[in-house]
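Understanding the architecture of this molecule
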Amino acid sequence: MKPITALLLAAGILSPSFILAATPVEAAPTQKAGKAAPNRGAAVKVTSVEGITEYRLANGLRVLLFPDASKPTLTTNIVYLVGSRHENYGETGMAHLLEHLLFKPSANFGIKKGTKTPVEILNSTGAQFNGTTWYDRTNNYATFPANDDNLRQMLAMEADRMVNAAIDQNDLWNPKTQKGEMTVVRNEFEMGESDPIGVTSERIQAIAYDWHNYGKSTIGARSDIEQVNIPRLRAFYHKYYQPDNAVLMVAGRFDEAKVLQQINALFGKIPKPTRVIEPTYTAEPVQDGERAVTVRRSGGTQFVGAGYHVAPSGNPDAVAIEVLGHVLTDAPAGRLHKALVETKLASKIEYNSVSNLEPGYNLFGALVPVDGNLDAAQAAMLKVLEELKSQPITDAEVARVKQQLNK
């Protein structure tokens, strides 16, 4: 059984810290939107950029409208500014669990007699829909045929489940039926655990951070998923899933003035919470040396990965870092591709550029054949990355990547 090595080296290529890994073959009561305070005024226009206009409601909800008469569809996307970064001890995976539970009945959609559940509404409109959870945000989106009735239903449903979702114990886990979203999420967790390369990437992520929550997977710990306390889950929901912590987007074929009026009527009556969301302030200390992780899992391929701490996605340097990533990994001209794939040391180069609100990390990876030389692939990867100091990126390489990105 060969080891899977992962090493985090102090280096000055992308930032002070570098990660390298290799995987061998073995290896509270709800608020009722209908009874909320009355509308406190019309939406205020904030700015307009390239056809997208931002408005802000009196309760803090940010609205982005992007009308496009050429589209036969409409897309709604509501983003809550909460993710796994906000989870405390014992709460890992809570944001993701809530993503699932928001598709369950809410006060006026499924609980009230004669009404459809959110999923029934989405299916009845022929929508393509889903929700996603990440470190800094959770979102629910749907794309459906453009007409007034569909959009009105969709907006009403989103406004209701913003504050009136049941977050019910039986939806989470019903001991009588032995069913619930907990088991669905646990199955997702188990699927991730069966992917040796994914697991190795998570282990790199874990050793990259001493204190920050970016070092934890968004799916959460199995024990937290299985034992989550429903009152604690409700408290998390009532704190973060509120208009002043959300951005609503509507794009497609619609009348902007009419839709803005509907949004103000449906969402504007939700009161702005009195609670204050304190900003997170945990900062990862400067890494003081190389780090390594070894993972042993069964599988048909090997993996070696190298990662660096990088600036947050909103930092101007993030653009340069993204270009650098493509210069290194694109096929067939990327430096890592030429050094590892063309020489048969690896079968494929991977690049994981993580989008983060706070300082994050980027991961370069190479898939190595089952009978390949993992040490040689690791040495070749490090050589290319270290040589960035003595062989800077050329104007021609930047021009090539810019052309690809512009396409």
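Residues numbered from 1 in each chain as written. Predicted model: local features only at pLDDT ≥ 70, side-chain atom pairs only at ≥ 80, totals over all residues. Heavy atoms only, no water.

Quick look at the pairing of strand 5 (residues 62-67)
Consecutive side chains along a regular strand alternate between the two faces of the sheet. Basically, it comes down to this: Paired strands are those between which DSSP finds at least two bridges. Elements are defined by DSSP. Helices are runs of H or I of four residues or more, strands are runs of E of two residues or more, and each kind is numbered from the N terminus.
Here strand 4 (residues 52-56) pairs with strand 5 via 4 bridges, running antiparallel. Pairing of E54 across the sheet is with L64, part of strand 5. Pairing geometry for strand 5 and strand 9 (residues 246-252), over 6 bridges, is parallel. Each bridged residue has a counterpart across the sheet, and for V63 the counterpart in strand 9 is L248.

Some points on the confidence of the model for the chain
The condition that has to hold: Across the chain, each position has a pLDDT score giving the predictor's confidence in that residue, from 0 to 100. In what follows, residue pairs with any heavy atoms lying within 4.5 Å of each other are defined as contacts.
Overall, the prediction assigns the chain a mean pLDDT of 90, with 90% of residues at 70 or greater. Within the model, the stretch residues 25-39 combines pLDDT values under 50 with 46 contacts to residues more than four positions away or in other chains.

Points about the pattern of salt bridges
Selection rule: Any Lys or Arg side-chain nitrogen found within 4 Å of a carboxyl oxygen on Asp or Glu counts as a salt bridge. Think of it in three bands: residues with accessible area under 20% of the maximum for their type are buried, residues over 50% are exposed, and the middle band is partly exposed, with areas taken using a 1.4 Å probe on protein chains only.
A complete count under the given rule lists 21 salt bridges for this structure. Between E387 and K383 there is a salt bridge; the shortest N-O distance is 2.5 Å. Here E387 falls in the partly exposed class, since its relative accessible area comes to 23%. In this structure, the salt-bridge partner of K389 is E386, at a minimum N-O distance of 2.9 Å.

Details of the nonpolar core
The nonpolar side chains of a soluble globular protein tend to be buried, and buried together. What counts here: Only buried residues count toward a nonpolar core. Its members are Ala, Val, Leu, Ile, Met, Phe, Trp, Tyr and Cys residues joined through side-chain atoms within 4.5 Å.
Formed by 56 residues in total, the largest nonpolar core has its most connected members in L65, L155, M162, L233, Y241, I263 and F267. The leading source of residues in this core is helix 3 (residues 148-163), at 7 residues. Excluding its chain neighbours within four sequence positions, the residues that come into contact with L233 are M94, L98, L101, I167, L172 and V228. Membership of the second largest hydrophobic core comes to 22 residues, among which are A306, L340, I349 and V368.

Observations concerning the packing of aromatic side chains
Using the following cut-off: Geometry of aromatic contacts follows a simple scheme: Phe, Tyr and Trp rings, the Trp one being its six-membered ring, pair when their centres are within 6.5 Å, and the pair is stacked under 30 degrees between planes, edge-to-face over 60, tilted otherwise.
Enumeration over the complete set of coordinates arrives at 10 aromatic pairs. Ring geometry for Y80 against Y241: centres 4.8 Å apart, planes inclined by 45 degrees, an arrangement best described as tilted. Here the residue Y80 occupies a position in strand 6 (residues 73-80), and Y241 occupies one in the loop between helix 8 (230-240) and strand 9, the gap between them amounting to 161 residues. The same class applies to Y80 and to Y241, which are both buried. Pairing Y351 with F364 gives two aromatic rings, centres 5.1 Å apart and planes at 20 degrees, and the pair type is stacked. Here the residue Y351 occupies a position in strand 12 (residues 348-353), and F364 occupies one in strand 13 (residues 360-369), the gap between them amounting to 13 residues. On the basis of relative accessibility, which here comes to 2%, the residue F364 falls in the buried class. In textbook terms, an aromatic cluster arises when at least three aromatic residues are bridged by ring pairs, as seen for W134, Y135, Y209, Y214 and Y361.

What about helix 1 (residues 94-101)?
With respect to burial, helix 1 is a largely interior element, 8 of its 8 residues being buried. Inspection of helix 1 places M94, A95, H96, L97, L98, E99, H100 and L101 among the buried residues, and these make up the whole buried set. For helix 1, the secondary structure elements touched by its buried residues are strand 7 (128-133), strand 8 (138-145), helix 4 (169-172), helix 5 (181-193), helix 7 (222-227) and helix 8.

Re unusual backbone geometry
Here A331 and P332 are connected by a cis peptide whose omega angle stands at 5 degrees. Secondary-structure assignment places P332 in the loop between helix 10 (317-329) and helix 11 (335-341). The backbone of Q178 sits at a positive phi, close to 60 degrees, despite the residue not being glycine. By the secondary structure assignment, Q178 is in the loop between helix 4 and helix 5.

Considerations on helix 3
Our working definition: Helix span is expected to be 1.5 Å times the residue number reduced by one. Throughout this description, a polar contact denotes any pair of N or O atoms lying within 3.5 Å of each other; where both atoms belong to protein, one of them has to be capable of donating a hydrogen while the other can accept it, and for residues adjacent in sequence the pair is counted only when both atoms sit in side chains.
Taking 1.5 Å as the rise per residue, helix 3 with 16 residues should run 22 Å; its terminal C-alpha atoms sit 24 Å apart, in good agreement. For helix 3, the secondary structure elements touched by its buried residues are strand 6, helix 2 (118-124), strand 8, helix 8, strand 9 and helix 9 (256-267). Put simply, N147 is the residue that caps the front of helix 3, since its side-chain oxygen is 3.1 Å from the backbone nitrogen of D149.

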